[in-house]
Amino acid sequence: MPNWEIRHFAQSYDRSHFDCGITELNEWLRKRVSQYEKRDLSRTYIATRRGEDRVLGYYAISMHRVSYEALPEDQARGLPRIDVPVVLLGRLAVDKTVQGQGLGATLLLDALARSLFISRQVGIRAVEVDAFDEAAKGFYSKYGFVPLLDDQRHLFLPMQVVHRLELPASDVG
């Protein structure tokens, strides 16, 4: 099994060869990640092989909110009629050279562990993601993400589910 290392984004990582097969995700990593970091719009975490600097995968997270009206009935029950705070998993991508080797799952679990850590500091109801396509929706669905009512690819994983995963939050603090 590959020995992945996931660290916060730095300019020194080699992003030049990254290709996940989706131009929009490739270009965001190459051209926009630095601006999102500098402007505090998101935090990006980079996956490499231990001891290397070539980016093989990444994800970006930020705070967001989901409209009360978009919540499935079982998630809205008992809540005030307000938008609910969430962690937005805005992007997650894996280079084609390592797809199918478990890096996507590793990145997702790392993002969920960071979300769990954050949820212990501020109120967060769930982790939210907008699946890029049906394949991405299938990937997230395997981990318990469910569609919101506004769009079948707008997905939601309640923090109560993340808590049950017993993720090693100490690794991400």
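Residues numbered from 1 in each chain as written. Predicted model: local features only at pLDDT ≥ 70, side-chain atom pairs only at ≥ 80, totals over all residues. Heavy atoms only, no water.

Engineer: Just checking my understanding: could you explain the sheet that holds strand 6 (residues 146-148) for this structure?
Structural biologist: For sheets, the rule is that strands pair by backbone hydrogen bonds, running either parallel or antiparallel. Spatially, seven strands are ordered 1-2-3-4-5-7-6 in an open sheet, and the strand pairing comes out mixed. One side of each edge strand has no neighbouring strand; the edge strands of this open sheet are strand 1 (4-8) and strand 6. Adjacent strand axes in the sheet meet at a mean angle of 35 degrees when their direction is disregarded. Bridge analysis of strand 1 against strand 2 (residues 43-49) gives five bridges, and the strand direction is antiparallel. Each residue of the ladder has a partner; that of tryptophan 4, found in strand 2, is arginine 49. (Pairing = 2+ DSSP bridges. Helix = DSSP H or I, 4+ residues; strand = E, 2+ residues; numbered from the N terminus. Axes fitted to C-alpha atoms, helices over the stretch in contact; angles between N-to-C directions.)

Engineer: Is there a simple way to think about helix 3 (residues 103-119) in this case?
Structural biologist: Residues that lie three or four places apart on an α-helix share one face, since the helix turns once every 3.6 residues. Spanning 17 residues, helix 3 covers 24 Å between terminal C-alpha atoms, matching the ideal 24 Å at 1.5 Å per step. Among the 17 residues of helix 3, 13 are classified as buried, and the element is accordingly described as predominantly covered. (Expected span 1.5 Å × (residues − 1). Buried < 20%, exposed > 50% of the residue type's maximum accessible area, 1.4 Å probe, protein only.)

Engineer: How should the nonpolar core be read in this particular structure?
Structural biologist: Within soluble globular proteins, side chains that are nonpolar generally end up buried alongside one another. Tyr59, Leu89, Tyr140 and Phe145 are the most contacted members of the largest nonpolar core, which has 33 residues in total. Looking at this core element by element, the count peaks at seven residues for helix 3. Excluding anything up to four places from it in sequence, tyrosine 59 contacts Ile6, Arg43, Thr44, Tyr45, Leu89, Arg91, Leu92, Leu107, Asp110, Ala111 and Arg114. Phe18, Cys20, Val33 and Tyr58 belong to the second largest nonpolar core, which has 13 residues in total. (Core = buried A, V, L, I, M, F, W, Y, C linked by side-chain atoms within 4.5 Å. Contact = heavy atoms within 4.5 Å.)

Engineer: I keep staring at the packing of aromatic side chains and nothing clicks. Help me out?
Structural biologist: A ring pair, where both rings are aromatic, is described by two values, the distance of the centres and the angle of the planes. Summed over the entire model, instances satisfying the criterion amount to seven aromatic pairs. For the pair tyrosine 140 and phenylalanine 145, a centre-to-centre distance of 5.3 Å together with 65 degrees between the ring planes defines the contact as edge-to-face. Accessibility expressed as a relative area gives 5% for tyrosine 140, which makes it buried. Through a chain of ring-to-ring contacts, three or more aromatic side chains come together here, namely Phe18, Trp28, Tyr36 and Tyr58. Note that arginine 114 overlies the ring of tyrosine 45, its terminal NZ or CZ placed 3.8 Å from the centroid. (Phe/Tyr/Trp six-rings, centres within 6.5 Å; stacked < 30°, edge-to-face > 60°. Lys NZ or Arg CZ within 6 Å of the ring centre and 35° of its normal.)

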